[in-house]
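The primary structure of each chain is shown beneath.
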Amino acid sequence: MRSAAAPTTMLTPSPLAGNIVASRRLAYIYINNPKCGCSTVRQTLWAAEHALGLADAPGSIHTEPDSWPWVDDSQRWEHNEQAFVFTLVRNPYARVLSAYLDKIRDPNVWEPFAARHGLGDTQVSFIEFLRLIADEPPDQMDMHWRPQSHIVAPRVVPYDFIGTMESFEQDLWHILKCIFRREMPISVLRPHRTDAVERLAEYGPERSTELFLQLTQQFQRLHIILINAADQHLHTCRFILSK
């Protein structure tokens, strides 16, 4: 999708570790950004490859990685000149609310977090949760609420397209057309749906103005990073970024 360039330098340890979804048979690489529709994106890609006879019937996207039609392989960046590289981002307040509503019920995520902060069995409010994570270094945060700029690594990844949850369906149609050169159906999979956008008023910024401003500034910084990355990497990419 872009002219040949020097291999992309990966960081050690890579900020992309565990988030590279590189097709085994097609020239696309998806950077998985948790709480940004990633279950639906991966299910859709798998179903589309199966429809073309390139993969087995879709199974679990959360277990049995040997059956997946992708690999998580940082070496793919050494030969990525022809790959279509994409990700999706989200309003950080909606994203962190979704993470809170979803993961306080997941012991695999919540128990380590509670142990780090000495919470015991105490349930914390959303505002208390925000205050706790505000003091966590990004590299120690759980990936579901880690700042998106640390996950999608736009200074490292030569993106062709970055979509948003705010225009998710439109952007995913565009991604599918770029990869498969035809219209492919979207396979909706929302095992961790929280309806965070609809619940923003309930947990709205008026309850935590300072923290909301911090998240807004985080998203503004993400915009700036993405724009700067575009100047370096992108030639044909269309950004759809919420304002």
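Keep in mind it's a predicted model, so treat the numbers as computed, not measured. Numbering of residues starts from 1 in each chain and follows the order in which that chain's sequence is written. Side-chain atom pairs in this predicted model are given and counted only at pLDDT of 80 or more, local residue features only at pLDDT of at least 70, and totals for whole chains, interfaces and linings cover all residues. Calculated side-chain values reflect all of the structure's heavy atoms, with hydrogen atoms and water omitted.

Novice: When you look at the overall build of the chain in this model, what are you seeing that I'm missing?
Specialist: A count of helical and extended segments in the chain gives 7 helices and 5 strands. Mapped from its N terminus to its C terminus, the chain presents α and β elements in the order β-β-α-β-β-α-α-α-α-β-α-α. Throughout this description, buried means an accessible area under 20% of the type-specific maximum (1.4 Å probe, protein chains only), exposed means over 50%, and partly exposed covers the range between. Per-residue burial for the chain yields a buried fraction of 49% across its 243 residues. Considering only residue pairs separated by 6 or more positions, the chain has 74% of its internal contacts joining residues 24 or more positions apart. Under the convention used here, a 1.4 Å probe and the Shrake-Rupley method define accessible areas, while residue burial counts only the protein chains that appear. Summed over its atoms, the accessible surface of the chain is roughly 12400 Å², and 51% of this surface lies on carbon and sulfur atoms. Think of it this way: any DSSP run of H or I at least four residues long counts as a helix, any run of E at least two long counts as a strand, and we number them from the N terminus. Residue contacts follow a heavy-atom distance rule, with two residues in contact if any of their heavy atoms lie within 4.5 Å.

Novice: Just checking my understanding: could you explain helix H4 (residues 126–134) for this structure?
Specialist: Given 3.6 residues to a turn, an α-helix orients residues that are three or four positions apart in the same direction. Among the residues of H4, Phe 126, Ile 127, Phe 129, Leu 130 and Ile 133 are the ones counted as buried. Relative to the axis of H4, the buried residues are bounded by an arc of 155° and lie together on one face. Within this analysis, the arc is defined by the directions that extend from the helix axis to the C-beta atoms.

Novice: In this structure, what is going on with the packing of aromatic side chains? I would like to understand it.
Specialist: Only centres within 6.5 Å qualify two rings of Phe, Tyr or Trp (six-membered ring in Trp) as a pair; their planes then separate them into stacked at under 30 degrees, edge-to-face at over 60, and tilted for everything else. The tally for this structure, following the rule as stated, stands at 13 aromatic pairs. Measuring from centroid to centroid gives 5.3 Å for Phe 113 and Trp 145, while their planes differ by 75°, and the two rings are edge-to-face. One end of the pair, Phe 113, is in helix H3 (residues 107–116); the other, Trp 145, is in the loop between H4 and helix H5 (148–152), with 32 residues separating them in the sequence. The class of Trp 145 is buried, set by a relative accessible area of 5%. Within the aromatic cluster, the residues linked to one another by ring pairs are Tyr 93, Tyr 100, Trp 110, Phe 113, Phe 126, Phe 129 and Trp 145.

Novice: Looking at this model, I keep getting lost on the nonpolar core. Mind explaining?
Specialist: Across soluble globular proteins, nonpolar side chains show a tendency to be buried alongside one another. We define a nonpolar core as any set of buried Ala, Val, Leu, Ile, Met, Phe, Trp, Tyr and Cys residues linked to one another through side-chain atoms lying within 4.5 Å. Membership of the largest hydrophobic core comes to 23 residues, with the highest contact counts inside it found for Tyr 30, Val 41, Leu 45, Phe 84, Phe 86, Ile 175 and Ile 179. Elements with a contribution of two residues or more to this core: strand E2 (28–31), helix H1 (38–51), strand E4 (84–89) and helix H6 (168–180). Per-element accounting of this core gives the leading share, 7 residues, to H6. Membership of the second largest hydrophobic core comes to 20 residues, among which are Tyr 93, Val 96, Val 109 and Phe 113.

Novice: How should I be thinking about unusual backbone geometry in this particular structure?
Specialist: As a rule of thumb, non-glycine residues mostly have phi less than zero, and peptide bonds are mostly trans rather than cis. In the Ramachandran plot, Ala 153 falls in the positive-phi region, its phi being about 45° despite a non-glycine side chain. With respect to the helices, strands and loops of the structure, Ala 153 is situated in the loop between H5 and strand E5 (161–164). Not every positive phi belongs to a glycine, and Arg 181 is a case in point at roughly 60°. Within the secondary structure, Arg 181 is located in the loop between H6 and helix H7 (209–233).

Novice: Honestly, the sheet that holds strand E3 (residues 70–71) in this entry has me stumped. Any pointers?
Specialist: Where strands meet in a sheet, backbone hydrogen bonds hold them as pairs that are either parallel or antiparallel. If you walk across this open sheet you meet the 5 strands as E3-E1-E2-E4-E5, and the pairing is mixed. Whereas interior strands pair on both sides, the edge strands pair on one side only; in this sheet they are E3 and E5. Here, a strand pair is defined by DSSP locating no fewer than two bridges between the strands. As defined by bridge partners, strand E1 (residues 20–23) adjoins E3 across 2 bridges and the pair is classed as antiparallel. Looking across to E3, one finds that Ala 22 is bridged to Val 71. To obtain an axis, a line is fitted to C-alpha atoms, over the contacting stretch when the element is a helix, and the angle between two such axes runs from 0 to 180 degrees between their N-to-C directions. Of the strands in this sheet, E1, E2, E3 and E4 are in contact with H1, which crosses E2 at around 160°. Seen against the sheet, H6 touches E2, E4 and E5 and runs at an angle of roughly 170° to E4.

Novice: Sorry if this is basic, but what is going on with the packing of H1 against H6 here?
Specialist: When two helices pack together, their arrangement is given by the angle between the helix axes and by the axis-to-axis distance. Closest axis-to-axis distance for the H1/H6 pair is 12 Å, and the angle between their directions is 35°. By crossing handedness, the relation of H1 to H6 is classed as right-handed. Contact residues: H1 offers Thr 40, Val 41, Thr 44, Leu 45, Ala 48 and Glu 49, while H6 offers Phe 168, Leu 172, Leu 176, Ile 179 and Phe 180. Basically, the charged four are Asp, Glu, Lys and Arg, the nonpolar ten are Ala, Val, Leu, Ile, Met, Phe, Trp, Tyr, Cys and Pro, and anything else, Gly included, counts as polar. The residue inventory of the contact of H1 with H6, partitioned by class, reads 8 nonpolar, 2 polar and 1 charged. It is the rotation of the near helix from the far one that decides the hand of a crossing: anticlockwise by less than a right angle makes it left-handed, clockwise makes it right-handed.

Read these as geometric descriptors, not functional statements.
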